[in-house]
Amino acid sequence: MKTIHLIGIAAGMALCACGSSNSSNRTTGGSKGDFSDVATANVAEAITNPQKLKASQLGSKIAFVPLETTDSSLINDTYQITVTDSKVIVSNFRSETGVLVFDRNTGKFLNHIGQFGNGPEDFNNPYHCTDINGGRIFLRPANGNGLLIFTPDGNLLGKALEGINTFTYPNMVVNDSTIWAGGPKENNDDRGKIYRQFAMGGAVIDSVFAFKGQKLASPFPDSFSGYTDYKRYTQVLGDNMQQLVQVTNNGKTHINFQPQIYRAGNEVHLRETLCDTIYTITSRGCGYSLIFDMGSHAFPVQEINKRKPSSSDLFMTDMAENGKKVVFGISEGWPMNDDHSEYIGIYDRATGTTALGNADNGIADDISGFMPFIPSYVSTDGAFVGLISPEAVIKWLENNPGVKHPDWAGKLVADDNPVMVIISE
């Protein structure tokens with residue numbers, strides 16, 4: 001199991017039947033009982049017949065691209081990555097190297113974006129988001145006033161949402177002329193949360209209230225006292241931005257729910273930690289996009305922090321989707337327990353088929369014949385993207401002597417940057 005332990009004190013965050021409201025608080029209800037027209041991934045059935053997953057189930061082309069390693073382009077253990085049609089943008093957390101840009105096709109390091117500091121045009125937490133084509137990169141300034149807008153080559157274009165404290169909106173999706181942002185909860189025990197659609201200048205165009213009126217059975221505490229153990233689980237697909245945090249304080253365990261909005265094709269979607277449903281957010285409200293059918297092994301998200309899961313309960317840990325296909329992680333048993341099992345799933349929206357394979361095997365490269373991989377992200381042009389550590393490449397070559405491999409693979413050392421894998425149609 002991929003976990004690390006941290007000791008400390010933290011504040012909590014929130015976690016859809018959905019209702020919607022515009023900026024005048026008009027409320028409409030969403031359908032809560034009829035799921036006949038909702039796309040469904042049949043996890044309960046697929047897990048009874050695990051398969052060998054193949055790259056060709058996701059696309060017809062594959063590229064392995066080692067990201068250049070220099071003194072000024074080292075990627076940390078904790079990072080955020082966005083892949084556009086021509087660039088790779090990496091935010092290094094807990095590092096003054098900040099935001100790095102690489103060439104998508106060659107992996108060559110190109111430049112930094114912005115600078116680390118405390119000035120009005122500096123940043124000290126390089127979380128970023130891009131517009132739909134990746135032509136503009138948005139960063140929170142150190143003072144939290146709006147967003148700084150940069151080009152991929154590092155030129156500052158101006159600001160968006162000026163006058164708005166963007167630290168209160170930890171998760172954003174940028175479109176051509178609007179920004180969707182998820183703000184804080186009104187009360188700690190609320191499941192509900194308001195998602196606002198802003199114009200670039202900061203005016204609120206619309207808002208959606210997801211899970212309105214719903215409460216958490218056992219909310220994440222605002223603070224802790226005494227000895228506190230943080231256990232962080234890096235989910236099946238390995239996306240740093242979808243981590244699960246379990247906190248044990250004075251003998252009681254809590255899970256920090258992390259709702260996340262993200263772009264899927266031309267839509268904005270919403271997912272919650274360990275929830276088996278994906279939602280679509282539009283100016284009309286919040287609706288169902290995809291249900292992961294766990295059968296009799298479903299564990300309702302409302303029961304987390306309330307009762308102990310069994311070893312056969314199924315949890316959707318993390319996912320990546322491009323509007324046509326969905327790659328997702330499944331834990332059989334509680335993810336934090338040593339005896340749980342992990343699977344990778346692929347759901348095809350066009351055919352409605354679901355396939356699951358053992359996560360230890362990854363996804364086989366049946367296109368070029370090189371090593372297996374795990375997709376963690378989706379690029380702005382819809383390609384699935386994974387990152388492989390240099391240690392994993394070195395180990396695979398040692399275990400597969402004589403297998404044909406790219407020239408760069410035999411030259412990797414353990415301290416190099418990761419290798420990017422891109423699967424496209």
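Residues numbered from 1 in each chain as written. Predicted model: local features only at pLDDT ≥ 70, side-chain atom pairs only at ≥ 80, totals over all residues. Heavy atoms only, no water.

### What about unusual backbone geometry?
Right, so step 1: Although it is not a glycine, phenylalanine 211 sits at a positive phi angle of roughly 60°.
Right, so step 2: You can call phenylalanine 211 buried: its relative accessible area is 1%.
Right, so step 3: Positive phi, normally seen in glycine, also occurs at leucine 274, with a value near 60°.
Right, so step 4: In this fold, leucine 274 is placed in the loop between strand S22 (267-271) and strand S23 (277-282).
Right, so step 5: By relative accessible area, leucine 274 is classed as buried at 3%. (Buried < 20%, exposed > 50% of the residue type's maximum accessible area, 1.4 Å probe, protein only. Helix = DSSP H or I, 4+ residues; strand = E, 2+ residues; numbered from the N terminus.)

### Thoughts on the packing of aromatic side chains
For any two aromatic rings, the description comes down to two numbers: the centre-to-centre distance and the angle of the planes.
Right, so step 1: What the rule picks out here adds up to 10 aromatic pairs.
Right, so step 2: Taking 4.9 Å as the distance between ring centres and 80° as the angle between the ring planes, the aromatic pair formed by phenylalanine 64 and phenylalanine 370 counts as edge-to-face. In this pair, phenylalanine 64 sits in strand S5 (residues 61-66) while phenylalanine 370 sits in the loop between strand S28 (354-358) and strand S29 (377-378), placing the two residues 306 residues apart along the sequence.
Right, so step 3: Each ring, one from phenylalanine 211 and one from tyrosine 279, has its centre 5.8 Å from the other, and the planes form 90°; the classification is edge-to-face. Here phenylalanine 211 is found in the loop between strand S17 (204-210) and strand S18 (228-233), whereas its partner tyrosine 279 is found in strand S23, with 68 residues between them in sequence. In this pair, the class of phenylalanine 211 matches that of tyrosine 279, namely buried.
Right, so step 4: In textbook terms, an aromatic cluster arises when at least three aromatic residues are bridged by ring pairs, as seen for Phe64, Phe370, Trp396 and Trp408. (Phe/Tyr/Trp six-rings, centres within 6.5 Å; stacked < 30°, edge-to-face > 60°.)

### Describing empty space enclosed by the protein
Right, so step 1: In this structure, the largest cavity encloses a volume near 40 Å³.
Right, so step 2: In terms of lining residues, the largest cavity is bounded by Leu274, Cys275, Asp276, Met294, Ala298, Phe299, Leu314, Phe315 and Met316.
Right, so step 3: The class makeup of the residues in the lining of the largest cavity is 8 nonpolar, no polar and 1 charged. (1 Å grid on protein atoms, 1.4 Å probe; cavity = no way out; pocket = protein on both sides within 12 Å on 5 of 7 lines; lining within 4 Å. Points joined across faces, edges and corners; volume = space filled by probe spheres on them. Nonpolar A, V, L, I, M, F, W, Y, C, P; charged D, E, K, R; others polar.)

### Considerations on the side chain of serine 289
Right, so step 1: The residue serine 289 is located in strand S24 (residues 285-293) in this model.
Right, so step 2: Reaching out from serine 289, the side chain makes a polar contact with the side chain of arginine 349 at a distance of 3.0 Å.
Right, so step 3: The contacts of serine 289, once residues within four sequence positions are left out, are Val38, Ala39, His269, Ile278, Tyr279, Thr280 and Arg349. (Polar contact = N/O pair within 3.5 Å; in protein donor to acceptor, adjacent residues only side chain to side chain. Contact = heavy atoms within 4.5 Å.)

### Some remarks on the environment of asparagine 92
Right, so step 1: When you line up the elements, asparagine 92 lands in strand S7 (residues 87-92).
Right, so step 2: Owing to a relative accessible area of 0%, asparagine 92 belongs among the buried residues under this scheme.
Right, so step 3: C-alpha of asparagine 92 to C-alpha of glutamine 80: the two residues are 12 residues apart in sequence and 6.9 Å apart in space.
Right, so step 4: Other than its neighbours up to four places away in sequence, asparagine 92 contacts Leu74, Ile75, Asn76, Thr78, Tyr79, Thr97, Gly98, Leu100 and Pro126.
Right, so step 5: Here leucine 74 takes part through its backbone oxygen, which lies 2.8 Å from a polar atom of the side chain of asparagine 92.

### Observations concerning the confidence of the model for the protein chain
Right, so step 1: Here the protein chain averages 87 in pLDDT, and 91% of its residues register 70 or above.
Right, so step 2: Every residue in residues 1-33 is under pLDDT 50, and counting partners more than four places away or in other chains gives 114 contacts. (pLDDT = per-residue confidence, 0-100.)

### Describing the nonpolar core
Right, so step 1: Formed by 53 residues in total, the largest nonpolar core has its most connected members in Phe64, Ile281, Phe370 and Val393.
Right, so step 2: Not counting chain neighbours up to four residues away, the residues in contact with phenylalanine 370 comprise Phe64, Asp365, Val393, Trp396, Leu397, Lys404, His405, Pro406, Trp408 and Ala409.
Right, so step 3: The next biggest cluster of nonpolar side chains, apart from the first, holds 19 residues, and it includes Ile278, Met316, Val326 and Tyr347. (Core = buried A, V, L, I, M, F, W, Y, C linked by side-chain atoms within 4.5 Å.)

### Brief notes about the pattern of salt bridges
Right, so step 1: As enumerated under the stated definition, the model contains 5 salt bridges in all.
Right, so step 2: We note a salt bridge from glutamate 303 to arginine 307, for which the minimum N-O separation is 3.2 Å.
Right, so step 3: Since its relative accessible area comes to 41%, arginine 307 is described here as partly exposed.
Right, so step 4: A salt bridge links glutamate 425 to lysine 324; its shortest N-O distance comes to 3.5 Å. Of this pair, glutamate 425 sits in the segment after strand S31 (419-424) while lysine 324 is found in the loop between strand S25 (314-321) and strand S26 (325-332), placing the two residues 101 residues apart along the sequence.
Right, so step 5: With a relative accessible area of 47%, lysine 324 lands in the partly exposed category. (Salt bridge = Lys/Arg side-chain N within 4 Å of Asp/Glu carboxyl O.)

### Looking at the environment of cysteine 129
Right, so step 1: With respect to the secondary-structure elements, cysteine 129 resides in strand S10 (residues 128-130).
Right, so step 2: Its relative accessible area of 8% is what places cysteine 129 among the buried residues.
Right, so step 3: Once the C-alpha coordinates of cysteine 129 and isoleucine 422 are considered, the two residues, 293 residues apart in sequence, prove to be 20 Å apart.
Right, so step 4: Residue contacts for cysteine 129: discarding those within four places in its chain leaves Arg136, Ile137, Phe138, Met172 and Val174.

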